[in-house]
Amino acid sequence: MRIPCPNCGSRSLAEFSYGGAALDRPPGDIGPSPETAPAWDDFVYRRDNPAGPLRELWFHAAGCRAWFVATRDTRSLEFIAEVTP
Amino acid sequence: MTGWRAPTGGRIDRSRTIDFRFNGRAYTGHDGDTLASALLANGVDIVARSFKYHRPRGIVAFGADEPNALVEVGEGSRRTPNLKATQVRLVPGLVARSQNCWPSVNFDIMAITGLLAPFMPSGFYYKTFKWPVSAWPFYERLIRNAAGMGRAPAAADPDAYDSVHRSVDLLVIGGGLAGLAAARAAAQADAGTRILVVDELAEFGGLGTADTAVVDGRDYRDWVADAVAALSAVPNVTLLPRTTAYGHYDGNLVGLVEECDGPVRQRRWLVHADRIVLATGATERPLLFGGNDRPGVMLASAARLYATRHAAMAGRRAVVFTSDDSGYEAAFDLRQAGVAIAAIVDPRAEVGEALKGRCAAAGITLLAAHRIESSHGRRRVSGCTVRPIAGGQPRRFTCDLILTAGGWTPAAQLFTHAGGRLRHDPALAALVPDATSWAGRASTGMIAVGAAAGVYDVAGCLASGQAAGRGEPPLGIGGSEARSPIVLGGTGKCFVDLQNDVTVADIALAVREGYRSIEHVKRYTTLGMGTDQGKLAGLTGVAVAAAAQGLAPADLGNSRPRPPLSPVTFGALAGPFVGPLSSPARTTPMHGWHEAHGALMANVGSWRRPQLYRREAEGDLEAVIREAGNVRRAVGLTDVSTLGKIDLQGPDVARLLDHAYINGFASLAPGRCRYGVMLREDGMVLDDGTVTRLTAERWFMTTTTGNAERIHAHLERIRQIDLRGLDVTITPVTEQWGAMAVAGPRARDLLAALRPDFAVDNEALPFMALAEGRIGDIAARVLRVSFSGERAYEIYTAAGDALAMWNTILAAGTSFGLMPYGTEAMMTLRIEKGLFVPGFEADGRTLPDDLGLARMVSTKKEFVGRRSLRRPAFVAPDRKQLVGLMAVDRTQAIPRGAQIVRDLGGAPPVAMEGHVTSVTYSPELGRWIALALVAGGRAALGETRVAASPLTGETVPVTLCPPVFVDPEGERLRG
């Protein structure tokens, strides 16, 4: 499998670490509150497992050390959209 | 013994005779033979016993689809099990053996299981060997012995293997007519195209096209020679014969195994291809009848290939049972080669006039609308019974060979590996690759051409190959006339899967018992689960299972083949990366010194670290006790170069650290260190270490040895994703620094004796402070931190200076009683101090509070994992908490990895309240101690539990105590 790094181009999977779905981290307001808890639980635990496009984070560990977002179709494992640094 | 060698013909070199042995007997063959062709030519008809019933079996097929002729080849450490005789090249001195028989193929004691066959229905193992549960290991051993899976060699593999990575624009799998046409068209369209063409056989040209065929107005052999010469002349084209594509993996990655001669036995290729053309041909289907497993029953195409390629004749007199026109061609060719054709039996009512005429001209009896009902013969075929499809009087034929030709199934396994779908084509009565599988894909999918796409005529193969080579969309498959019906049975045992002994009756029984999906029928009956992966049986099995449910095969679908397509040796998969090359070993600057001084080295992550330094007449435990005790009494020196080290620079480092650690760092003054703990977003402890503020904007972080890369990625993620815009530069510097710890009550005296150009007294260099300067002529960074609970200093130097510093300290340390200590003593010291370690205590399920770190957790800032800590389950009082353990009987050891239970009374199952995470003998306390995670442990200090180890059978009463066993006030490390 090859992964499109925004800096280095298409490189082997072996050079990357996976960072999971590219979800927005809920804003870090001080003090946990019942109102913000569901959003946090969604972020940490209740993640979707779509059969189809998934935005996800990759780290080019054995390369430029960039974290970037790429969209992959989980059915075909193809990267289907431009990556964003 | 009815096989024979024709005096002329075939592509064998009769001038070169090759001696080989099979089942202990000597035979001869010729250069160009396979083991199978040589056995046929020598008249060897029984080559194996079947898997379950131990029935005698002969060679059925010509290539990878062979289900019966499984052999062990070679002897001693080169013995290779599970090879198909059809794929073993005959080489001088070859030694091969049948696999599934004892004591011999001709007299097999286990054949008695054949008499028990009525009592061994499908699902037999599930139904029979399940009680009592404890007896399963015994049953399993018996079954495995009876099933003859081949024996792996006991000694190490003496051969060398190679491994190659390659990226190409076009990979052509299969070098027959369609594959060569595709490669030529692609090279002609653009000579710069990087093309790799692979074929299983030593010669290109494939098996599907007869030598007598005419392609582009030329004899096929000449056409192939031209194509190979033309392709060889193009620099960007690589032709790889004797190479099998065994699997397609994500991202158009294809695994190949190349058979080699010389010092390398096999070479594994991993090929990334932009485009893949699948030209793997087709597999002939057998037709079913009673006793269709008797030696002498063979695929018509296989008998034809043995005759034309190897001049090896499988018999003298054949009945050809065919539902496909290709069976007639085989019959004509074999007759030409000297095999009498007793009859052609065709279940179809309509047979083409041309074929009828050729049969008549050759004087061959043609029985249309007939089928073979059963074969006869004791050890091999001696005749068969034929009956009209519509019923009526049977006819018996005497023959020593029954050839079946049930039409062709595209060899499309790699197409389904790639995620492609197969569709049932009623005209071809076969599953063919569905070219629409790749609709909506971003990249080009795999394109099947020629027989692999269900195209069986010369012109069609050529055209489909050329179109695919030029990158044009695949051609449609013509024809609407239904042909090659599948004949589903006869009288007596009709085998669908010869390798796994699955009969028509077994499949019918599975359907009656409620198994509907072909995937379930497959698993229940073991249909297609042998090493041939059901290449012969697959489609027939689907048809039988469908018929049993009153369905058409198309409605039942097909089971999905998975990689590997054919067995791959472990050697090929491992390649040259065995022994010391199996994983990279990282060594510290002091590695040579450790080895020269009796160190017992161990792997810690990718590092090699000294566990302990052995002295003469000293056991390992004694060495650890001596080293750890010396740290407590005098002073020790240990190599900590493996610690992860990260250099952090910029105005926003404090913000980054505050987000990464549970405790605050903004207040840390330059020249000071602080201990910190990191969490994951789910609140679990990730790592710990120290951070030193060197100057206002320059910081130095250490991580645990095993987590260095992970923490670097974690920090980069915070910088690049979570807190975008921070002005911080993160540089991993683990390899750039050597590091050693000097620990013990006399550490400061020793440090002073090294005459550093900085002050080391307790005011100038207190606990958790930094000093930088020179020790002798070596620049050093000294941190007053401790992992032992003693007064201790970590000394960092440039990696190139570390060994000199190490030796300087050792030389100066003699008068202070200095001893080096290894990781075992280090563990003893930290367990005595109750210090947790990621992987032991912090095992990914422990929160800061579980480890007694609640007071460290900042309430004034956001950090990774903070908002998970509030979860109700994470504040429950019965969470497993870190405690210390001491055996009630102070002479007893606490078993490693033991479970903590309340007491030993009561019947099992016993509630497990926790587990032992780390154990050591404490030289300081003179007894065994342990750290453990125990439910509600902190509220139960002083109580007694039992440490029970089911593995060793030990049960040791223990008392729960605070985890810090030595100097709980920390006076020693601060003094």
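Residues numbered from 1 in each chain as written. Chains lettered and ligands numbered in written order. Predicted model: local features only at pLDDT ≥ 70, side-chain atom pairs only at ≥ 80, totals over all residues. Heavy atoms only, no water.

**Comments concerning the side chain of Asp967 of chain B**
The test is simple: A helix here means a DSSP run of H or I that spans at least four residues, while a strand means a run of E at least two residues long, and both kinds are numbered starting from the N terminus. Residues count as neighbours in contact if any of their non-hydrogen atoms are within 4.5 Å of one another.
Within the secondary structure, Asp967 of chain B is located in the loop between β51 (954–961) and α24 (971–974). Ignoring any residue separated from it by four or fewer positions in sequence, one finds Asp967 of chain B in contact with Gly789, Lys833, Arg972 and Leu973 of chain B.

**Description of the domain arrangement of chain B**
Residue and element names in this part refer to chain B. For clarity, the cut-off: Residue ranges for the domains originate in an automatic or database domain assignment. Buried area adds together the accessible area that both of two parts lose upon being put together, with accessible area traced by a 1.4 Å probe. A carboxyl oxygen of Asp or Glu within 4 Å of a side-chain nitrogen of Lys or Arg is what we treat as a salt bridge. Between N or O atoms, a polar contact is any pair within 3.5 Å; within protein, one atom must be a potential hydrogen donor and the other a potential acceptor, and residues adjacent in sequence are included only when both atoms are from side chains. Gly falls in the polar group here, along with every residue not listed as nonpolar (Ala, Val, Leu, Ile, Met, Phe, Trp, Tyr, Cys, Pro) or charged (Asp, Glu, Lys, Arg).
Splitting chain B by domain gives domain 1 (4–119), domain 2 (160–283 + 409–469), domain 3 (286–406), domain 4 (585–870) and domain 5 (876–974). Centre-to-centre separation of domain 4 and domain 5, based on C-alpha positions: 27 Å. Listed by partner, the interface residues are 29 residues for domain 4 and 27 residues for domain 5. Surface buried jointly by domain 4 and domain 5 totals about 2300 Å² across both partners, of which 56% is contributed by carbon and sulfur atoms. Along the contact surface separating domain 4 from domain 5 lie three salt bridges. The salt bridge involving Asp850 is made with Arg879; its shortest N-O contact spans 2.8 Å. Counting across the interface, domain 4 meets domain 5 through 18 residue pairs in polar contact (both at pLDDT 80 or more). Only α18 (620–633) and α23 (823–832) provide two or more residues apiece to the side of domain 4 that touches domain 5. Ranked by residues supplied to the side of domain 4 that touches domain 5, first place goes to α18 with five residues. Of the residues assigned to the side of domain 4 that touches domain 5, the class counts are nine nonpolar, eight polar and 12 charged.

**A word on the nonpolar core**
Generally speaking, a soluble globular protein has its nonpolar side chains buried in company with each other. Residues and elements named next belong to chain B. Here is the rule: As used here, the term nonpolar core means buried Ala, Val, Leu, Ile, Met, Phe, Trp, Tyr and Cys residues forming a set that is joined through side-chain atoms within 4.5 Å. For each residue, the accessible area found with a 1.4 Å probe, counting protein chains only, is set against the maximum for its type, and the residue is called buried under 20%, exposed over 50%, and partly exposed in between.
Counting 61 residues, the largest nonpolar core has Phe20, Phe22, Leu35, Ile59, Met298, Tyr306 and Leu403 as its most contacted members. When we break this core down by domain, the ones giving at least three residues each are domain 1 (4–119) and domain 3 (286–406). Each residue touching Met298, except ones within four places of it in the same chain, is listed here: Leu40, Ile59, Val60, Ala303, Tyr306, Ala314, Ile402, Leu403 and Thr404. Formed by 55 residues, the second largest nonpolar core is a distinct cluster that contains Ala227, Leu414, Val455 and Ala468.

**Notes on the interface of chain A and chain B**
Taken together, the contacts link 28 residues of chain A with 33 residues of chain B. Summed over both partners, the interface of chain A with chain B comes to about 2600 Å²; 52% of that surface belongs to carbon and sulfur atoms. Connecting chain A to chain B are four salt bridges. In this structure, Arg871 of chain B engages Asp41 of chain A in a salt bridge whose closest nitrogen and oxygen atoms are separated by 2.9 Å.

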